Amino acid sequence: MLGGMLVAEAPKREEGRFFAFSSRAFGLAAFAATLLSAVATVVAWPLHHTAALAIAVAGATIVLVLGVIWRWMMAPTLRRFAAFAAAIELERTRFERLFTKIPDIGILCDSDGISQQANAPARELFGDERGDCTGRHLDECVTAEQRDALGRYFARALGGDVVEFETVALGSRALRVPVWATLVPIATGGAVVGVFWIAKDLRAIRSLERDLLIETERFRSLFDINYEPMLQLGADRHILRANAAFERISGYGSGELVGATSALFSQTGSEDIRENAYRRVMAGEAFESESQLRCKDGRVLPVMVALIPMAHGSKIEGYYIVMRDMSAQRTFERREELTREKLRELYRLATVSQDELEPLLGRVLDFGRRMLGMEIGYVLEIDGDDFVIRAKGGSERFTTGNRVPIVRAISRHLLENEAPLVINDIRESSLRDDVAADGESWRCFLGAPITVEGIRFGGLAFSSRYLREAPFDANDVDFVKLMAALLGSAFERDRRARTLGDLALRDPLTGLANRTMLAQRLEREIARTKRNGGELGILFLDLDGFKNVNDRFGHAVGDRVLAEVGHRLLGVIRGDELVARIGGDEFIVVLNDLRRDSLERCTARIEKAINKPFAEIDLPVGISVGPAIFGVDGNDPSALFVAADAKMYQAKQARRAAEVR
């Protein structure tokens, strides 16, 4: 391994130099002593054997003494060498322990960038199936887009620089790992022989950074982007930051708020309250209380204030102030009270006896105008092609009973759907070009349809020449709908009461008016005509050929034919006119305004309707008509009946004579 070779090289070199010197010195001394002893022994042996042995022993002694001297002289050097070797071994052991035990990725590369040794984290990240990652070029340990930069950093490390940088390691199975890498040059003898690559896995740090970012964004969402006004204050009571909601509601900018105290926006005279709140929150207590916010423009808003301690461990470093604008709630509470007042009044109105229907209409309109702040109120009833003003309030332009063509009334839109019609300003409404808005002085309008027994009866409408201070809201719309429903119920009760009374005045077979109702109605119409002017007329009707129907098909079929005749007559007259059956196959039609519909046109419509075939019979049924006009043919009901009957008989005789010819 490169690490092992680099660590062992220095002691081996010192060991070689030391032993080379000592070996040469000892060898020369031993050779000289041995040579001298051998020569002396050889020369002395023939002369004297004892002397020769003594010379040999002396030579050996000299060699031994030389060895002792060498050992004595070399002892300090040997001790230093042993200490040096021990230190080298200790450093080698430490290096091996550091290299193998560090949690970071560690790779030893030679000067060509080839990995020579790798620790466990490196083998785990870059190793093959056997966990081996030696012999790979360092370029293979990073992603392709990082290799050029790594080459530059490696060249700097070979130049002796320690280089730090962030890169993306490419592990086995194409695992991409962000790392903080350090290239440390390995030098020996003044030359860089390799590079030690240390890389710290940043995945955990990146995860913490993401978590921190998430927490930061959460705090930002909670504080900066929160729709509730919020402030952060230090322990010294000075504002550290304010969110946009507080700036918006108070009118103060961040430059005016940061560094200021809450006295900036508190009501005068609230010093004791602020002091008490400060002591409580700095004691670690979170609480809520109602207060008032003094805005920059002088407005005072009711707010609910929450004070929350800002703690770091056990130390309170400041506090948060969270406000909730209570203006809408207070407005809602006032509206709720107004709504309860409306309901109490409407329920009271709903208990009015049926005999007081007309006064009820007036009270409803007056109450509605007062609650809505409107000038004019109307109750409109559909009558043919017109609206009839059934009741009014606050206007002298129209009177009760006036008729308004539906096509020229803005209230006609109430007949098109169930929803109320809301116009806050006709000049800015999509209906500004409506024919009903042309020449009208009103600016705002609110109306709701009135339905009686499932049939559209008319509408309840309010209008005003002046714009309201605030547009109509859902409470106003619901209020008008409730009033319209109340009036619908009142009209329904009135209609049922009238129906019970009409049972004695109706023909049970056809449902038309009987003689009694005809007489009462004709008396009223005569009185009205005398009072208001106009032209009143009647038509006396008698069926032709009806006796043959009874004789051929029976009275049950005849009764059904009479009922169908009554239905057809109702279909061709106006809604304010009367059709009565006075007996058998005789009918009377009361025409209360001949200026709008002549006797001839009405007679033509009746004859056309009756002459159509009947489903259950194959016999023709016709009709003879006798007209009479009030003031011309008579001045009382009896005279009109006699005149009309006579004309009807003449018409019948003329028809029979024509058929005979």
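Note: the structure precedes this text.
Predicted model only: the values in this text are computed from it and were never measured. (Residues numbered from 1 in each chain as written. Predicted model: local features only at pLDDT ≥ 70, side-chain atom pairs only at ≥ 80, totals over all residues. Heavy atoms only, no water.)

Engineer: What's the story with the overall build of the chain in this structure? I'm lost.
Structural biologist: Secondary structure summary: the chain contains 16 helices and 20 strands in total. Across the 661 residues of the chain, 41% fall into the buried class. Residue pairs in contact within the chain that sit at least 24 positions apart in sequence constitute 53% of those at least 6 positions apart. As presented, the chain carries roughly 36,700 Å² of accessible surface, and 56% of it is formed by carbon and sulfur atoms. (Helix = DSSP H or I, 4+ residues; strand = E, 2+ residues; numbered from the N terminus. Buried < 20%, exposed > 50% of the residue type's maximum accessible area, 1.4 Å probe, protein only. Contact = heavy atoms within 4.5 Å. Areas by Shrake-Rupley, 256 points an atom, 1.4 Å probe, with all protein chains shown as cover.)

Engineer: Just checking my understanding: could you explain the pairing of strand β9 (residues 300-312) for this structure?
Structural biologist: Looking along a regular strand, one sees side chains alternate from face to face of the sheet. Bridge count for strand β8 (residues 287-294) against β9 is eight bridges, and the pairing is antiparallel. Pairing of Glu-288 across the sheet is with Ala-306, part of β9. Taking the residues between adjacent antiparallel strands as the criterion, β8 and β9 are bridged by five residues, where Gly-298 takes a positive phi near 95 degrees. Pairing between β9 and strand β10 (residues 315-325): ten bridges, direction antiparallel. Following the sheet pairing, Ile-308 is matched in β10 by Tyr-320. The turn joining β9 and β10, which pair antiparallel and follow one another in sequence, is formed by two residues; a positive phi near 70 degrees is taken by Gly-313. (Pairing = 2+ DSSP bridges.)

Engineer: Mind showing me how you'd approach the packing of aromatic side chains here?
Structural biologist: Geometrically, a pair of aromatic rings is defined through the distance of the ring centres and the angle of the planes. Tallied over the full model, the rule gives seven aromatic pairs. With 6.2 Å between their ring centres and 40 degrees between their planes, Phe-126 and Trp-197 make a pair best called tilted. Highlighted residues: Phe-126 in helix α3 (residues 120-126) and Trp-197 in strand β5 (residues 191-201), separated in sequence by 71 residues. Among the residues examined, Phe-126 registers a relative accessible area of 2% and is labelled buried. Overall, Trp-197 belongs to the buried group, its relative accessible area being 0%. Ring centres of Phe-246 and Phe-265 lie 5.1 Å apart, and the angle between their planes is 65 degrees; this geometry places the pair in the edge-to-face category. (Phe/Tyr/Trp six-rings, centres within 6.5 Å; stacked < 30°, edge-to-face > 60°.)

Engineer: Teacher, can you tell me more about the nonpolar core here?
Structural biologist: Side chains of nonpolar character tend, in soluble globular proteins, to be buried together. Within the largest apolar cluster, 29 residues are counted, with the highest numbers of intra-cluster contacts made by Val-379, Ile-450, Leu-460, Leu-487 and Phe-491. Every element with two or more residues in this core is listed here: α10 (357-372), β15 (444-452), β16 (455-464) and α11 (474-502). Per element, the largest residue contribution to this core is nine residues, and it comes from α11. In this structure, Ile-450 is in contact with Val-379, Ile-455, Arg-456, Phe-457, Gly-458, Gly-459, Leu-460, Ala-484, Leu-487, Gly-488 and Phe-491, ignoring residues within four places of it in sequence. (Core = buried A, V, L, I, M, F, W, Y, C linked by side-chain atoms within 4.5 Å.)

Engineer: Got a minute to help me understand the pairing of strand β2 (residues 115-118) in this structure?
Structural biologist: Here three bridges tie strand β1 (residues 105-110) to β2, and the two strands are oriented antiparallel to one another. Residue pairing for β2: Ile-107 is matched across the bridge by Ala-118. Where β1 folds back on β2, the antiparallel hairpin that results is connected by four residues, among which Gly-113 adopts a positive phi of roughly 85 degrees.

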